[in-house]
Amino acid sequence: MRSDAAPQPSGLERFDSPGKGRGLRARRRYAVGELLFSCPAYTAVLTVSERGSHCDGCFARKEGLSKCGRCKQAFYCNVECQKEDWPMHKLECSAMCAFGQNWNPSETVRLTARILAKQKTHPERTQSEKLLAVKEFESHLDKLDNEKRELIQNDIAALHHFYSKHLEYPDNAALVVLFAQVNCNGFTIEDEELSHLGSAIFPDVALMNHSCCPNVIVTYKGTLAEVRAVKEIEPGEEVFTSYIDLLYPTEDRNDRLRDSYFFNCDCRECVTKEKDKEKLEIRKLNDPPSAETVRDMIKYARNVIEEFRRAKHYKYILCLATLACCLMRGHLFIWVLDFLIPPSELLEICELSLDKMGAVFEDSNVYMLHMMYQAMGVCLYVQDWEGALRYGQKIIRPYSKHYPSYSLNVASMWLKLGRLYMALENRAAGVKALKRAIAIMEVAHGKDHPYISEIKKELEDH
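Anyway, here's the lowdown on the structure attached to this text. (Residues numbered from 1 in each chain as written. Predicted model: local features only at pLDDT ≥ 70, side-chain atom pairs only at ≥ 80, totals over all residues. Heavy atoms only, no water.)

A word on the packing of helix H10 (residues 343-358) against helix H11 (residues 366-381). Look at H10 against H11: their axes get within 9 Å of each other, and the N-to-C directions meet at 160 degrees. With respect to each other, H10 and H11 are oriented roughly antiparallel. Crossing handedness for the pair H10 and H11: left-handed. Within the contact between the two elements, H10 uses Pro343, Leu346, Leu347, Cys350, Ser353, Leu354, Met357 and Gly358 and H11 uses Tyr367, Met368, Met371, Met372, Gln374, Ala375, Val378, Cys379 and Tyr381. (Axes fitted to C-alpha atoms, helices over the stretch in contact; angles between N-to-C directions. Helix = DSSP H or I, 4+ residues; strand = E, 2+ residues; numbered from the N terminus. Parallel < 35°, antiparallel > 145°, perpendicular 65-115°, else oblique. Left-handed = near helix turned anticlockwise from the far one by under 90°. Contact = heavy atoms within 4.5 Å.)

The next thing to look at is helix H3 (residues 146-163). The terminal C-alpha atoms of H3, which comprises 18 residues, lie 25 Å apart, in line with the 26 Å expected from a rise of 1.5 Å per residue. Those residues of H3 not exposed but buried are Ile152, Asp155, Ile156, Ala158, Leu159, Phe162 and Tyr163. Down the axis of H3, the buried side of the element spans an arc of 165 degrees, and every buried residue falls inside it. Of the residues in H3, the exposed ones pointing more than 90 degrees away from the buried face are Asn146 and Glu150. Next to the buried residues of H3 lie helix H1 (79-99), helix H2 (107-121) and helix H4 (172-185). Its side-chain oxygen placed 3.3 Å from the backbone nitrogen of glutamate 147, aspartate 145 serves as the N-cap of H3. (Expected span 1.5 Å × (residues − 1). Buried < 20%, exposed > 50% of the residue type's maximum accessible area, 1.4 Å probe, protein only. Arc of directions from axis to C-beta. Polar contact = N/O pair within 3.5 Å; in protein donor to acceptor, adjacent residues only side chain to side chain.)

This paragraph deals with the packing of aromatic side chains. Given two aromatic rings, one states the distance between the centres and the angle between the planes to describe the pair. Evaluated as defined, the whole model comprises seven aromatic pairs. Ring plane angle 55 degrees and centroid distance 4.9 Å describe the contact between tyrosine 243 and tyrosine 261, whose orientation is recorded as tilted. One end of the pair, tyrosine 243, is in the loop between strand E12 (240-241) and helix H6 (250-261); the other, tyrosine 261, is in helix H6, with 18 residues separating them in the sequence. Tyrosine 243 sits in the partly exposed class, given a relative accessible area of 27%. According to the relative accessible area criterion, tyrosine 261 is buried, its value standing at 17%. Three or more aromatic residues link up through ring pairs in this structure, and these residues are Phe187, Phe202 and Tyr220. (Phe/Tyr/Trp six-rings, centres within 6.5 Å; stacked < 30°, edge-to-face > 60°.)

Moving on, we come to the pattern of salt bridges. If you walk through the whole model with that rule in mind, you get 36 salt bridges. Salt-bridge contacts for glutamate 13 lead to arginine 25; the nearest nitrogen and oxygen are separated by 2.8 Å. With a gap of twelve residues between them, glutamate 13 in strand E1 (residues 12-17) and arginine 25 in strand E2 (residues 21-26) connect regions that are remote in the sequence. For glutamate 13, a relative accessible area of 25% translates into the label partly exposed. With relative accessibility at 26%, the residue arginine 25 sits in the partly exposed group. (Salt bridge = Lys/Arg side-chain N within 4 Å of Asp/Glu carboxyl O.)

Looking now at unusual backbone geometry. At phenylalanine 59, a residue that is not glycine, the phi angle is positive and equals roughly 70 degrees. Within the fold, phenylalanine 59 resides in the loop between strand E4 (43-46) and strand E5 (66-67). Taking relative accessible area as the criterion, phenylalanine 59 reaches 4% and is therefore assigned buried. One non-glycine residue, glutamate 425, lies in positive phi territory at about 65 degrees. Mapped onto the elements, glutamate 425 comes out in the loop between helix H13 (408-423) and helix H14 (427-444).

A few words on the sheet that holds strand E10 (residues 216-221). Sheet architecture is open: three strands sit in the order E3-E11-E10, paired in antiparallel fashion. With one partner strand each, in any of the chains shown, strand E3 (35-40) and E10 form the two edges of the open sheet. In this sheet, adjacent strand axes meet at a mean angle of 20 degrees when their direction is disregarded. Pairing geometry for E3 and strand E11 (residues 224-229), over five bridges, is antiparallel. Residue pairing across strands places proline 40 opposite leucine 224, the latter belonging to E11. (Pairing = 2+ DSSP bridges.)

Before going further, it helps to examine the sheet that holds strand E8 (residues 196-201). Reading across the sheet, the three strands line up as E4-E8-E7 and stay open at both edges, with antiparallel pairing between neighbours. This sheet does not close on itself; its edge strands, each paired only once, are E4 and strand E7 (186-190). The average angle at which neighbouring strand axes cross in this sheet is 25 degrees, direction not considered. With five bridges connecting them, E7 and E8 associate as antiparallel partners. From the neighbouring strand, threonine 188 faces E8, where its bridge partner is serine 199. The sheet strands contacting H2 are E4 and E8, and the helix crosses E4 at an angle near 145 degrees.

With 15 residues, H2 extends 21 Å between its outermost C-alpha atoms, agreeing within 8% with the 21 Å of an ideal straight helix rising 1.5 Å per residue. Buried within H2 are the following residues: Glu107, Val109, Arg110, Leu111, Thr112, Ala113, Arg114, Ile115, Leu116, Ala117 and Lys118. In this fold, the buried residues of H2 make contact with E4, H1, H3, H4 and E8.

If you look at soluble globular proteins, the nonpolar side chains tend to sit buried side by side. If you look at the biggest cluster of nonpolar residues, it comprises 138 residues, and the most contacted ones within it are Leu36, Phe202 and Val205. One finds Leu194, Ile217, Val230 and Leu408 within the second-largest nonpolar core, a separate group that totals five residues. (Core = buried A, V, L, I, M, F, W, Y, C linked by side-chain atoms within 4.5 Å.)

Written out as structure tokens, the structure reads:
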């Protein structure tokens, strides 16, 4: 079943944020862990790899889901979920039957098709647009380079190819704007271990501006986005979320923000760069590396990270990870990866990179942590639980130092470690790690979230 959004609280207001454009501001005080607001998805698409384990309509994780009788590729909790999703699923149902194995539009294309259909059937403002309408989204069209424009044209071609039967299209210029808006304002829905579940549009959530020192966090309950305070927020304060992974140093974060969102961050952490020294910690040696050696190693590390990122995003170079994290249920581990090279070779690449960087960087350096995380993923895929645990144990303490309080990245790592310990029959360590995950998630997700209930049940069952 889909969740309905709570009534819009009177404690928030849209305003013009100096130097940032539109923003969201608090009109009253919010305590840590308090829900500011929730927003149902304007539209959402479940990632293809999760079909059969999650409902295509509400994204609930269940066993015994019912198949669509036509395409037999979409799954639902019940008839009610199926009927509610039909206006969107019908865009794909017959096409999936017709194209068979060749049906492969990207999630961005699928999401954009649903926006077009929704705008046709619901021209009025929806419950997801109490503060910001989809048509108000920024496109940053004037800032798109040729590569980004070419990618959008490829998406438009795919949209026409896969959806021509059920959609009425605006002209090409309007489609370019819409795809640019989706690229800047779309959200990735993730589960408790930050595994990718799908993509969605949450207009009111998109109103929030970015800070590398965020005071709220966005989590998901099915296709409902929930925004909770991770710092005390006073009346008159702007509400800030983070658009990016905050593990990395200032220059890397702003490179990512410029590439994806076309701005530089001017938050306190970006101005002071006070955490950069710890994040880029250099190995303490009798003969310390020269400044040039350090610069060269940072350049090497950034190139390796970009290759992994592009491999996941564009499906080439090293591997395609259809899930970013592993999902463990009791002693069962599921990590869905489609390697273009054998996992053993990918692990060797990780280890060689770690050896090279380790001559200059401490293990707590964020570039080392990034590569350890990749290696941990490969270990989980090949069911090397001990190897995965060794990497996770090295990662968790620096993660706790580098990430902000109540970070989902830290919670998900404690959760992985807890489940690994349990699988390896180290119950005491498993209980401790799972309880640490719960402590963070109770603030970020809310104490009544189904994920927390599931983890507590795991503790009871062990």
